[in-house]
Amino acid sequence: MSEFDSVSSPLKEKTDVPSGTPGSGLKKRLGIIATCAVGGSLVALYAVAGPFIAPALRKICLPFVPATSAQVENVLKVLQTRSGSLVDIGSGDGRIVIAAAKKGFQAVGFELNPWLVWYSRYKAWREGVHRGTSFHRADLWKVSFAQYSNVVIFGVPQMMEQLEDKLQRELHISAKVVACRFPFPTWTPDHVAGEGIDTVWVYDAKAFKTRTVVKATEGL
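Source: prediction; values computed, not measured.

**Structural notes on the overall build of the protein chain**
Scanning the protein chain from N- to C-terminus turns up eight helices and seven strands. When the 220 residues of the protein chain are sorted by exposure, 39% land in the buried category. Put simply, 64% of the contacts in the protein chain that link residues at least 6 apart link residues at least 24 apart. Surface accessibility of the protein chain: about 13400 Å² in total, with carbon and sulfur atoms responsible for 61%.

**Description of helix α4 (residues 69-78)**
Those residues of α4 lying buried are Gln71, Val72, Asn74, Val75, Leu76 and Val78. Looking at the buried side of α4, the elements it contacts are α5 (95-102), β4 (150-154), β5 (176-180), β6 (191-193) and β7 (200-204).

**Thoughts on unusual backbone geometry**
At Arg181, a residue that is not glycine, the phi angle is positive and equals roughly 75°. Mapped onto the elements of the fold, Arg181 is located in the loop between β5 and β6.

**Concerning the pattern of salt bridges**
One pass over the full model with this rule turns up six salt bridges. A salt bridge links Glu127 to Lys102; the nearest nitrogen and oxygen atoms lie 2.6 Å apart. Of this pair, Glu127 sits in the loop between α6 (114-126) and β3 (133-137) while Lys102 sits in helix α5, and the two are 25 residues apart along the sequence. In this structure Glu127 comes out as partly exposed when scored by relative accessible area, which is 30%. A salt bridge links Asp204 to Lys176; the shortest N-O distance between them is 3.9 Å. Highlighted residues: Asp204 in strand β7 and Lys176 in strand β5, separated in sequence by 28 residues. Overall, Asp204 belongs to the partly exposed group, its relative accessible area being 21%.

**Section: the pairing of β4**
Counting buried positions over the five residues of β4 gives five, a clear majority of the element. Burial of the side chains of β4 extends over both faces: Asn150, Val152 and Phe154 are buried on one face and Val151 and Ile153 on the other. Here strand β1 (residues 85-89) runs beside β4; their pairing, made up of four bridges, is parallel. If you follow Leu86 over to β4, its bridge partner there is Asn150. Where the polypeptide runs from β4 across helix α7 (residues 157-170) and back to β5, its parallel neighbour, the crossover connection is right-handed.

Rules used in this analysis
- Residues numbered from 1 in each chain as written.
- Predicted model: local features only at pLDDT ≥ 70, side-chain atom pairs only at ≥ 80, totals over all residues.
- Heavy atoms only, no water.
- Helix = DSSP H or I, 4+ residues; strand = E, 2+ residues; numbered from the N terminus.
- Buried < 20%, exposed > 50% of the residue type's maximum accessible area, 1.4 Å probe, protein only.
- Contact = heavy atoms within 4.5 Å.
- Areas by Shrake-Rupley, 256 points an atom, 1.4 Å probe, with all protein chains shown as cover.
- Salt bridge = Lys/Arg side-chain N within 4 Å of Asp/Glu carboxyl O.
- Pairing = 2+ DSSP bridges.
- Right-handed = clockwise from strand over helix to strand, strands pointing away.

As C-alpha coordinates, this is what we get:
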(Lines give C-alpha, C1' and ligand atoms only; values in the text may rest on other atoms or scores of the structure.)
Protein backbone atom coordinates (compact mmCIF):
# COMPACT_ATOMS: atom_id res chain seq x y z
CA MET A 1 0.00 0.00 0.00
CA SER A 2 1.43 3.38 -0.95
CA GLU A 3 1.62 6.40 1.30
CA PHE A 4 -1.12 8.08 -0.69
CA ASP A 5 -3.37 5.04 -0.30
CA SER A 6 -3.05 5.04 3.49
CA VAL A 7 -4.13 8.68 3.91
CA SER A 8 -7.82 9.49 3.33
CA SER A 9 -8.50 12.48 1.15
CA PRO A 10 -10.51 15.26 2.90
CA LEU A 11 -12.61 15.63 -0.21
CA LYS A 12 -13.41 11.91 -0.19
CA GLU A 13 -14.39 12.00 3.48
CA LYS A 14 -16.74 14.94 2.84
CA THR A 15 -18.51 13.21 -0.03
CA ASP A 16 -18.95 10.08 2.06
CA VAL A 17 -21.12 11.95 4.64
CA PRO A 18 -24.84 12.08 3.72
CA SER A 19 -26.09 15.61 2.91
CA GLY A 20 -29.08 15.30 5.20
CA THR A 21 -29.36 13.13 8.33
CA PRO A 22 -32.65 12.05 9.98
CA GLY A 23 -31.76 14.15 13.07
CA SER A 24 -31.29 17.41 11.17
CA GLY A 25 -34.53 16.94 9.24
CA LEU A 26 -36.50 16.35 12.45
CA LYS A 27 -35.05 19.47 14.05
CA LYS A 28 -36.00 21.53 11.00
CA ARG A 29 -39.58 20.24 11.06
CA LEU A 30 -39.87 20.88 14.81
CA GLY A 31 -38.57 24.43 14.28
CA ILE A 32 -41.18 25.13 11.62
CA ILE A 33 -43.96 23.72 13.82
CA ALA A 34 -42.81 25.80 16.81
CA THR A 35 -42.66 28.97 14.71
CA CYS A 36 -46.18 28.38 13.36
CA ALA A 37 -47.51 27.66 16.85
CA VAL A 38 -46.03 30.83 18.33
CA GLY A 39 -47.24 32.93 15.39
CA GLY A 40 -50.73 31.47 15.60
CA SER A 41 -50.88 32.11 19.34
CA LEU A 42 -49.89 35.76 18.87
CA VAL A 43 -52.52 36.25 16.18
CA ALA A 44 -55.19 34.65 18.38
CA LEU A 45 -54.16 36.77 21.37
CA TYR A 46 -54.35 39.97 19.31
CA ALA A 47 -57.75 38.98 17.91
CA VAL A 48 -59.17 38.49 21.42
CA ALA A 49 -57.39 41.23 23.37
CA GLY A 50 -56.91 43.83 20.66
CA PRO A 51 -60.45 45.28 20.69
CA PHE A 52 -60.30 45.65 24.48
CA ILE A 53 -57.00 47.50 24.71
CA ALA A 54 -56.88 49.40 21.43
CA PRO A 55 -58.26 52.96 21.36
CA ALA A 56 -61.64 53.27 19.77
CA LEU A 57 -61.69 55.20 16.51
CA ARG A 58 -62.56 58.56 17.95
CA LYS A 59 -61.61 62.09 17.00
CA ILE A 60 -59.94 62.25 20.42
CA CYS A 61 -58.34 58.96 21.39
CA LEU A 62 -59.90 57.26 24.44
CA PRO A 63 -57.98 54.07 25.22
CA PHE A 64 -59.75 51.50 27.35
CA VAL A 65 -58.37 51.69 30.88
CA PRO A 66 -60.60 49.83 33.37
CA ALA A 67 -61.79 51.75 36.41
CA THR A 68 -60.26 50.61 39.68
CA SER A 69 -62.45 49.35 42.52
CA ALA A 70 -61.71 52.56 44.43
CA GLN A 71 -62.85 54.68 41.50
CA VAL A 72 -66.12 52.80 41.24
CA GLU A 73 -66.66 53.16 44.99
CA ASN A 74 -65.92 56.89 44.88
CA VAL A 75 -68.41 57.43 42.05
CA LEU A 76 -71.14 55.60 43.95
CA LYS A 77 -70.24 57.43 47.15
CA VAL A 78 -70.66 60.92 45.68
CA LEU A 79 -73.96 59.88 44.05
CA GLN A 80 -75.41 58.06 47.06
CA THR A 81 -78.11 60.71 47.63
CA ARG A 82 -79.03 60.77 43.94
CA SER A 83 -81.41 58.62 41.90
CA GLY A 84 -82.97 58.39 38.46
CA SER A 85 -81.06 58.03 35.21
CA LEU A 86 -77.30 57.73 34.93
CA VAL A 87 -75.10 57.73 31.86
CA ASP A 88 -71.48 56.64 31.65
CA ILE A 89 -69.72 58.33 28.72
CA GLY A 90 -67.15 55.90 27.33
CA SER A 91 -68.45 53.01 29.44
CA GLY A 92 -65.66 50.53 28.59
CA ASP A 93 -66.44 47.10 30.05
CA GLY A 94 -69.56 48.42 31.80
CA ARG A 95 -68.44 48.24 35.40
CA ILE A 96 -69.69 51.73 36.37
CA VAL A 97 -73.06 51.16 34.69
CA ILE A 98 -73.49 47.75 36.33
CA ALA A 99 -72.49 49.03 39.76
CA ALA A 100 -74.91 51.97 39.43
CA ALA A 101 -77.75 49.65 38.38
CA LYS A 102 -77.20 47.60 41.52
CA LYS A 103 -77.78 50.82 43.50
CA GLY A 104 -81.10 51.46 41.80
CA PHE A 105 -80.11 53.77 38.92
CA GLN A 106 -81.48 53.25 35.44
CA ALA A 107 -78.01 53.16 33.97
CA VAL A 108 -76.86 53.59 30.38
CA GLY A 109 -73.43 53.26 28.81
CA PHE A 110 -72.18 54.74 25.54
CA GLU A 111 -69.09 53.17 24.00
CA LEU A 112 -67.67 53.22 20.49
CA ASN A 113 -65.86 49.87 20.72
CA PRO A 114 -68.38 47.17 19.66
CA TRP A 115 -66.55 44.36 21.46
CA LEU A 116 -66.78 46.24 24.76
CA VAL A 117 -70.47 46.96 24.18
CA TRP A 118 -71.26 43.27 23.69
CA TYR A 119 -69.07 42.27 26.63
CA SER A 120 -70.85 44.82 28.86
CA ARG A 121 -74.26 43.45 27.87
CA TYR A 122 -73.13 39.92 28.64
CA LYS A 123 -71.64 41.00 31.97
CA ALA A 124 -74.84 42.82 32.95
CA TRP A 125 -76.89 39.74 32.10
CA ARG A 126 -74.54 37.50 34.08
CA GLU A 127 -74.80 39.77 37.13
CA GLY A 128 -78.59 40.00 36.90
CA VAL A 129 -78.96 43.70 36.13
CA HIS A 130 -79.65 43.56 32.39
CA ARG A 131 -83.16 44.97 32.90
CA GLY A 132 -81.75 48.06 34.62
CA THR A 133 -78.97 48.70 32.13
CA SER A 134 -78.46 49.36 28.45
CA PHE A 135 -75.32 49.72 26.37
CA HIS A 136 -75.06 51.49 23.05
CA ARG A 137 -72.36 51.78 20.43
CA ALA A 138 -72.17 55.50 19.68
CA ASP A 139 -69.84 58.43 19.25
CA LEU A 140 -70.26 60.65 22.32
CA TRP A 141 -70.11 63.80 20.18
CA LYS A 142 -73.19 62.66 18.26
CA VAL A 143 -75.31 61.78 21.31
CA SER A 144 -77.45 64.16 23.35
CA PHE A 145 -77.21 63.75 27.13
CA ALA A 146 -80.12 66.08 27.89
CA GLN A 147 -82.29 63.30 29.34
CA TYR A 148 -79.82 62.16 32.02
CA SER A 149 -79.77 63.49 35.57
CA ASN A 150 -76.41 61.92 36.46
CA VAL A 151 -73.40 61.90 34.13
CA VAL A 152 -70.13 60.04 34.67
CA ILE A 153 -67.09 60.55 32.47
CA PHE A 154 -63.62 58.97 32.43
CA GLY A 155 -62.02 61.41 30.01
CA VAL A 156 -58.62 62.66 28.92
CA PRO A 157 -57.40 66.27 29.18
CA GLN A 158 -57.63 66.87 25.41
CA MET A 159 -61.40 66.37 25.38
CA MET A 160 -62.53 67.94 28.65
CA GLU A 161 -62.94 71.52 27.41
CA GLN A 162 -65.00 70.46 24.40
CA LEU A 163 -67.11 68.11 26.53
CA GLU A 164 -67.61 70.87 29.08
CA ASP A 165 -69.22 73.05 26.40
CA LYS A 166 -71.41 70.18 25.19
CA LEU A 167 -72.73 69.25 28.65
CA GLN A 168 -73.24 72.89 29.57
CA ARG A 169 -75.58 73.28 26.60
CA GLU A 170 -77.45 70.00 26.97
CA LEU A 171 -77.89 69.11 30.64
CA HIS A 172 -80.86 70.07 32.78
CA ILE A 173 -80.19 72.43 35.66
CA SER A 174 -80.76 69.63 38.20
CA ALA A 175 -78.10 67.32 36.76
CA LYS A 176 -74.86 66.22 38.43
CA VAL A 177 -71.64 65.47 36.59
CA VAL A 178 -68.88 63.25 37.96
CA ALA A 179 -65.46 63.47 36.31
CA CYS A 180 -62.95 60.72 37.00
CA ARG A 181 -59.15 60.96 36.66
CA PHE A 182 -59.23 64.47 35.12
CA PRO A 183 -61.35 67.50 36.15
CA PHE A 184 -63.09 69.91 33.82
CA PRO A 185 -60.92 72.94 32.97
CA THR A 186 -63.16 75.88 33.98
CA TRP A 187 -65.92 74.44 36.15
CA THR A 188 -65.58 74.62 39.94
CA PRO A 189 -66.35 71.28 41.63
CA ASP A 190 -68.85 71.17 44.48
CA HIS A 191 -67.13 68.20 45.99
CA VAL A 192 -63.98 66.11 45.52
CA ALA A 193 -63.56 62.52 46.71
CA GLY A 194 -60.61 60.13 46.67
CA GLU A 195 -57.00 60.82 45.85
CA GLY A 196 -54.48 60.22 43.09
CA ILE A 197 -55.86 58.38 40.05
CA ASP A 198 -58.97 57.48 42.07
CA THR A 199 -60.02 61.12 42.51
CA VAL A 200 -63.50 62.12 41.34
CA TRP A 201 -64.80 65.67 40.90
CA VAL A 202 -68.52 66.42 41.31
CA TYR A 203 -70.16 69.31 39.47
CA ASP A 204 -73.63 70.78 39.92
CA ALA A 205 -75.25 71.77 36.63
CA LYS A 206 -77.08 74.60 38.35
CA ALA A 207 -73.75 76.19 39.26
CA PHE A 208 -72.03 75.94 35.88
CA LYS A 209 -75.15 76.85 33.89
CA THR A 210 -75.80 79.89 36.11
CA ARG A 211 -72.20 80.95 35.70
CA THR A 212 -72.59 80.78 31.92
CA VAL A 213 -75.69 83.01 32.06
CA VAL A 214 -73.88 85.54 34.26
CA LYS A 215 -70.89 85.67 31.91
CA ALA A 216 -73.19 86.13 28.92
CA THR A 217 -75.01 88.98 30.71
CA GLU A 218 -71.73 90.67 31.60
CA GLY A 219 -70.70 90.54 27.97
CA LEU A 220 -73.75 92.54 26.84
